[in-house]
Structures are given as structure tokens and as C-alpha cells.
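# Topology and contacts: notes
Single-letter residue listing:
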Amino acid sequence: MALTSETANRESGLGASLRQFMRMVKFEHTIFGLPFVFMGGVLAAKGLPSAHAFFWMIVAATGARNFAMSLNRFADRHFDPENPRTRDRIEFQGLLGSMKIWVLMFAFAGVFILSSWMLNPLAFYLSFVVVGVIIIYSYSKRFTSFSHLFLGFVLGAAPAGAWVAVRGELGWVPIHLFAGGMLWVAGFDVIYSCLDVDFDKSRGLYSFPRLLGVRGALVASAVAHAGTVLFLFLAGRGADLGTLYWLGLVTASALLVWEHWVVRPDDLSRVDLSFFNINAWVSVIISAGAIADVFLASR
């Protein structure tokens, strides 16, 4: 009886830790990173990818995203409780200070690498590059103002990775998708980091807002998003996409303009509107346009 009770308590503790982990990394937000994955896979296959490729690229994206989120939380565990924006993360300090976080981080990293191995050799080799950049990003604001680009690299790799998952090779279309995604993510991360500029200065952390000031950082973000539109234009041309994609790109471009319009150097009160509401639709609209165009063109 005592052994049964001890086993139940252990299982309950593991279940509670897993649930806390899922809250910490906002596991449900994994879905927001999938539109570009679907887009890359559909463009590579010129239709529906095989069930094998589709399944493993979704698992890979899930593993990479949650490994990155957990490592980032772990790396910032000493800063988050002191930062007014992230102070509510203090509830995760117990988990972050235990061996459980290492088990969960290695598990998600393993899921990502295993999924890549199940796809093809190039995907497997490139998975180690992505893991390396995730590690660098998590600690990069301690030594460089360009941490936004490391984050952009990780998330921008999603459509290019999906292309590799399907075809087992690279080309100009996935490279342009990667560059567009990287600059899109880096651009909105610069906007969001404007909220932390005073904290970063007080703790000796680096960012574009600290390097350039808030006004200069917002200009840099706008330049990055102009680059996003350019590279997505080149990707559309390279993939020979049609009207629906171009309508999606124009709509997403308008959203990016609006995103910069609502955030002013002297008024950052609407950064959350820009980051969580407007920006969330950009990848959805572009990806929906591309996917719809591929399927309608194939009829």
C-alpha cells in the first residue's frame, strides 16, 4: 500500500511539473508558428506533402519551439523576476531550479533531432545548426545587441526547414523564405524589446533599443520589415505564385505598416497590440495566400 501511494505521488508530481512546464513555454502557442511550416511544405511539394513528411515536420517544429522556449526561460531565470514585464514568471522558479527542467529541455531537443533524422540526411545535419543557434540566442543578449537576429534565424528556419523536410535539398525559394521570416521576427522582437530598454541598461544587457535608442530601434525594425516584404516577394516570384499570394503579401505588408504606425517612440503603450494582435496575422495571411494559390493553381 505504501509503495502504491509513493508511486502515485511521484506520478502526480511529474504530471504537475509537466503541466507547469507547458504553461511556462505557452505550449498552446506552438500553433502560431505552424503557418510558415505549412507554407514551406506545400510550396516544396507543390501540393500536399506526403503524410510521412507532414507528420515529422510538425513534430520537429514542436520540438524545436519548445526546446527554445524552455532554454530561454532557464537562461533568463535570474533576470525575469526582477523585470517588471516578466515578473509573473516567478512561479516557475522552482521548476527552473530543479533537474526536471534539464530533462524536459533535453527531451524536446531530442524530439527535434529525432524528427529531423526521420525526414532526411540534410534535415538531420541542419538540426544541429538550429540547436546551436537556439543555445546562442538564449544567452546572446549578454554579449551582443544582435540577439534579435538569432531569434529571427531560429523562427525563420521554419519554412526553409519544411522545404528541406519535403525535398531534402535547399534552393533560392527556401532561402528567400528564410530571410523574409528571419527579418520579420527580428523586426517585431526589436519592437517588443523597447519595453525592456531601461531594465536592459540597468543590468548590462544588450539590445537594439539600448544600442540605438527607442527611436533608432523602431527605424531599424521598419527597415527589417521592408526586407521581409522584399524577400517574400522574391520567394513568390521564384515559386511562380499567383494572385492569391500577392493579395496576401499586400495585405500582410499593410499590417506591417499599421504595426509601425501604432507604436511611437514616445508612446509604447500599444506595443502589445502591435506584437500580439496585428503581428500574429502576418504569417497566417501570407501562408494562407500561398497555400490557397498552390491548390487552386493545381486544379
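The coordinates are above.
Residues numbered from 1 in each chain as written. Predicted model: local features only at pLDDT ≥ 70, side-chain atom pairs only at ≥ 80, totals over all residues. Heavy atoms only, no water.

### Observations concerning the nonpolar core
Grouped together as the largest cluster of nonpolar side chains are 39 residues, with contacts concentrated most on Met39, Leu43, Leu177, Trp184, Tyr245, Val282 and Ile286. Of all the elements in the fold, those that place two or more residues in this core are helix H2 (34-45), helix H7 (147-167), helix H8 (172-193), helix H10 (208-238), helix H11 (243-262), helix H12 (271-278) and helix H13 (280-297). Top element by residues in this core is H8. It accounts for 8 residues. With 17 residues, the next largest nonpolar core counts Ala60, Phe67, Met105 and Phe108 among its residues. (Core = buried A, V, L, I, M, F, W, Y, C linked by side-chain atoms within 4.5 Å. Buried < 20%, exposed > 50% of the residue type's maximum accessible area, 1.4 Å probe, protein only. Helix = DSSP H or I, 4+ residues; strand = E, 2+ residues; numbered from the N terminus.)

### Quick notes on H11
Between its terminal C-alpha atoms H11 stretches 29 Å, which fits the 28 Å expected from 20 residues at 1.5 Å a residue. Of all the positions in H11, only Tyr245, Gly248, Leu249, Ala252, Ser253, Leu255, Leu256, Glu259, His260 and Val262 are classed as buried. (Expected span 1.5 Å × (residues − 1).)

### Thoughts on the environment of Val250
Within the fold, Val250 resides in helix H11. Given the relative accessible area of 58%, Val250 is considered exposed. The sequence separation of Val250 and Phe233 amounts to 17 residues, and the corresponding C-alpha distance is 9.8 Å.

### Focus on unusual backbone geometry
At Lys46, a position not held by glycine, the phi torsion is positive, near 55°. Counting through the fold element by element, Lys46 comes out in the loop between H2 and helix H3 (51-75). For Asp240, which is not glycine, the phi dihedral falls at a positive 55°. One can find Asp240 in the loop between H10 and H11.

### Structural notes on the pattern of salt bridges
The final tally for this structure, using the stated rule, is 3 salt bridges. In this structure, Lys141 and Asp76 form a salt bridge, with 3.1 Å as the shortest nitrogen-oxygen distance. In this pair, Lys141 sits in the loop between helix H6 (121-140) and H7 while Asp76 sits in the loop between H3 and helix H4 (93-96), placing the two residues 65 residues apart along the sequence. What makes Lys141 partly exposed here is its relative accessible area of 24%. A relative accessible area of 3% places Asp76 in the buried class. Each of Asp76, Lys141 and Arg142 takes part in one network of salt bridges that share partners. (Salt bridge = Lys/Arg side-chain N within 4 Å of Asp/Glu carboxyl O.)

### Looking at the packing of aromatic side chains
Taken as a whole, this structure holds 12 aromatic pairs when the rule is applied. Here the aromatic rings of Phe36 and Trp184 are separated by 5.5 Å at their centres, their planes lie at 80°, and the arrangement is edge-to-face. Of this pair, Phe36 sits in helix H2 while Trp184 sits in helix H8, placing them 148 residues apart in sequence. When its relative accessible area of 8% is taken as the criterion, Phe36 is described as buried. A relative accessible area of 9% means that Trp184 is categorised as buried. Taking the centre distance of 5.1 Å and the plane angle of 75° together, the rings of Trp184 and Phe188 count as edge-to-face. Residue Trp184 and its partner Phe188 are both found in helix H8; the two are separated by 4 residues, about one turn of the helix. By relative accessible area, which is 9% here, Phe188 ends up buried. (Phe/Tyr/Trp six-rings, centres within 6.5 Å; stacked < 30°, edge-to-face > 60°.)

Worth remembering: the numbers are spatial, not functional.
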